[in-house]
Amino acid sequence: MNDGFDFDFGIDELAPADAASEEAAEMFWAGELTALSQLHTTPNGSHSFVVAHDRSVTWGIPGSPQVVAIAVARDFSQLTFTLETSYHATVPFAQNWLVERGCPPERIALVGDDYVKPADDLTLQVEQQIRASGTRYEVLDTHTSDSDPCETWTLARDSLADQAPVRVFHEEGNHDAGTYTLREGAFADVGAARSWLDDRSDPLPEPPEYSDHNGAVVRARIARIALARSAGAPATPKAGFDAPRTPPAEPAQRPAQGRLL
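Report follows, based on the coordinates. (Residues numbered from 1 in each chain as written. Predicted model: local features only at pLDDT ≥ 70, side-chain atom pairs only at ≥ 80, totals over all residues. Heavy atoms only, no water.)

## As for the pattern of salt bridges
Right, so step 1: For the structure on display, the rule yields 9 salt bridges.
Right, so step 2: The closest approach of N and O atoms between Arg 101 and Glu 84, which form a salt bridge, is 3.6 Å. Residue Arg 101 is found in the loop between α2 (91-99) and β6 (117-118), and its partner Glu 84 is found in strand β5 (residues 80-88); the two are separated by 17 residues along the sequence.
Right, so step 3: Given a relative accessible area of 35%, Arg 101 falls into the partly exposed group. (Salt bridge = Lys/Arg side-chain N within 4 Å of Asp/Glu carboxyl O. Helix = DSSP H or I, 4+ residues; strand = E, 2+ residues; numbered from the N terminus. Buried < 20%, exposed > 50% of the residue type's maximum accessible area, 1.4 Å probe, protein only.)

## Quick look at the sheet that holds strand β7 (residues 137-144)
Right, so step 1: Spatially, β6-β10-β9-β8-β7 is the arrangement adopted by the 5 strands of the open sheet, whose pairing is mixed. With one partner strand each, in any of the chains shown, β6 and β7 form the two edges of the open sheet.
Right, so step 2: In terms of strand pairing, β6 meets strand β10 (residues 179-187) through 2 bridges, oriented parallel. Bridge pairing in β10 links Lys 117 to Thr 179.
Right, so step 3: Packed on one face of the sheet, helix α4 (residues 190-199) meets β7, β8 (151-158), β9 (166-174) and β10 and runs near 170° to β8. (Pairing = 2+ DSSP bridges. Contact = heavy atoms within 4.5 Å. Axes fitted to C-alpha atoms, helices over the stretch in contact; angles between N-to-C directions.)

Here's what the structure looks like:
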C-alpha cells in the first residue's frame, strides 16, 4: 500500500448490511493494495470508490486480473455498510463497474505524474469508451501477463455491434518509454478472437465502425482529445477528489500492466 494512503473506510463502528458485505470485509486485505484512483464523497462520507492494484494476485493463479474496484456505502442512520469488490484486467473496466454503482465517471479517472502515460489519443478514446459503456460489454475472459510482453487483454461481447460483436481490448505497456497503448479489435465469434490471441501473426482487426459512417464520430472524438492535449487541458477529466490524492507509488510496486512508474 502506498505510504500515507489510508484504506480505512470508516466501517469499524458499522455492521455489514448483508452476508455478501460481511464476507467481502473479512476477505479485504488493504495492505496488499496500491490505490490508482479514489473518490470519497462529502460532506457525510457516505460513499467511497477506489480503483487499486492488488499485489497479492501476482502470487496466485497466472493470468488472473490484478485491478480491483471497491465500492463502499455507509448508512449512518442504520449504522450499517455495504462493501463490494470486483476484479478486472484493465483500469477502464474497473472504472466502468464503479460508474454503474453511482461513481461520477469524471471523478474516478487516473491523476498524477506517477502514472505512465497513454501513448496516443486513440488509447484515450478507447478508455473513455469503456468507462462510459454502461452494460454494453459482456466480459467473457481476461488475461494479465506479468512478464514481457507486459500486456493484458479483455475478451468481451459488444451488445451494440451489428457486425463482429466479439471484441478484444488489448493493452500493452512500454516501460522504456513510460507509455501504454490500448486497442480494440473486432471478431465474428469467440473462436476467431481466441485464434488471434493464440497466434498474433496478423494485426488486431479494427471494429467495422472505425471505417463506416460511425468512424467519423470516432475520428472527431480523437481530434477533440488531441486538441485538448495540445492546449494543455487534461485529455481525461481530472477533477479534484474530495479526499487527498494518492501519493506516488514506489517503482517496485508497479502493476503488471505497467500503470505505475
